[in-house]
Amino acid sequence: MDCVPSSVIDEVINRFRGAYAIYVYGGSLDCSGGDVDIAVFMEEVPREVPRVGENVDLQVFREPRNTLFFVYVIKTGRLVYGRPLDIDVDSVIRRELELIDEREFLFLNSDDEVVVCKSLKELLFLLAAIRCGIHGSSNWYRMVKCLSGLGINVPIEFKHCLNPPDVDRLRNVGEPVLRRVMQELRAISRYRVGEARGNSF
């Protein structure tokens, strides 16, 4: 964690003594990302999350949910305070595969650029997680590298979904990528369903 200032970690721990787990995750762990990403897990979530330093993305949760985001936090992040958490990766991947049609619909039909951006970004990370593993897709740069190996060029427009380009721009650059990603994910989903049926006999 050479790129994460110890003073930031100390300040977060001091401010969240009631937390049962604090993780640092994302690109800051291998110095590939600009922000320091921190996830705090605690029973009593504060109404307002205090600002901690520059370039620190701090989020507070009551408990981890069954999503790929929390898989990355728990499985690839660094526990800096409290007790280690666990999450069932296979269960999360199965659930995420069930949501691919919904995410495609949101990309194609939502008027909200944040929703459009996030819907494709989540599909990109899901495909990378399946193809290259959780550690091989644990941040933006690893995900991009993984998918480039499949011949998929990830548009930079989808990197910062809290402040994305307009909807038209996102769809123009994203639709060809969406088609290829959905083709891959549907093939994986069909294979998994067939495998599950085969195992049931």
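Scroll up a little and you will see the structure.
Basis of the calculations
Residues numbered from 1 in each chain as written. Predicted model: local features only at pLDDT ≥ 70, side-chain atom pairs only at ≥ 80, totals over all residues. Heavy atoms only, no water. Helix = DSSP H or I, 4+ residues; strand = E, 2+ residues; numbered from the N terminus. Rg over C-alpha atoms; globule rule 2.2 N^0.38 Å. Buried < 20%, exposed > 50% of the residue type's maximum accessible area, 1.4 Å probe, protein only. Contact = heavy atoms within 4.5 Å. Areas by Shrake-Rupley, 256 points an atom, 1.4 Å probe, with all protein chains shown as cover. Lys, Arg positive; Asp, Glu negative; His and termini not counted. Charge placed at Lys NZ, Arg CZ, Asp CG, Glu CD. Salt bridge = Lys/Arg side-chain N within 4 Å of Asp/Glu carboxyl O. Pairing = 2+ DSSP bridges.

1. Describing the overall build of the chain
Helix and strand counts for the chain come out as seven helices and four strands. Counting from the amino terminus, helix and strand elements in the chain follow one another as α-β-β-β-α-β-α-α-α-α-α. In terms of overall dimensions, the chain is globule-like: its C-alpha atoms have a radius of gyration of 18 Å, near the 17 Å expected for 201 residues. Here the C-alpha coordinates of the chain stretch approximately 50 × 45 × 30 Å along the principal axes. Here the chain holds 201 residues, and 43% of them are scored as buried. A separation of at least 24 residues holds for 57% of the contacts in the chain among residues at least 6 apart in sequence. Of the roughly 11100 Å² that the chain leaves accessible, carbon and sulfur atoms contribute 46%. Distance between charge centres in the chain, computed from 26 positive and 30 negative side chains, equals 4 Å.

2. Brief notes about the pattern of salt bridges
If you walk through the whole model with that rule in mind, you get 10 salt bridges. Across the pair Asp 86 and Lys 75 runs a salt bridge whose closest N-O atoms are separated by 2.8 Å. One end of the pair, Asp 86, is in the loop between strand E4 (78–82) and helix H3 (89–98); the other, Lys 75, is in helix H2 (residues 68–76), and 11 residues separate them in sequence. With a relative accessible area of 60%, Asp 86 lands in the exposed category. Where Glu 96 meets Arg 103, a salt bridge forms, and the shortest distance between an N and an O atom there is 2.6 Å.

3. Some thoughts on the pairing of strand E2 (residues 36–41)
The element E2 is largely enclosed, with a buried count of six among its six residues. Pairing analysis gives six bridges linking E2 to strand E3 (residues 56–61), with the strands arranged parallel. By the bridge assignment for E3, Ala 39 is matched with Gln 59.

4. Focus: the environment of Phe 41
Relative to the helices and strands, Phe 41 is located in strand E2. Overall, Phe 41 belongs to the buried group, its relative accessible area being 0%. Linking Phe 41 and Gly 18, residues 23 residues apart in sequence, is a C-alpha distance of 9.0 Å. In contact with Phe 41, not counting residues within four places along its chain, are Ala 19, Tyr 20, Ala 21, Tyr 23, Phe 61, Glu 63, Pro 64, Phe 70, Val 73 and Leu 85.

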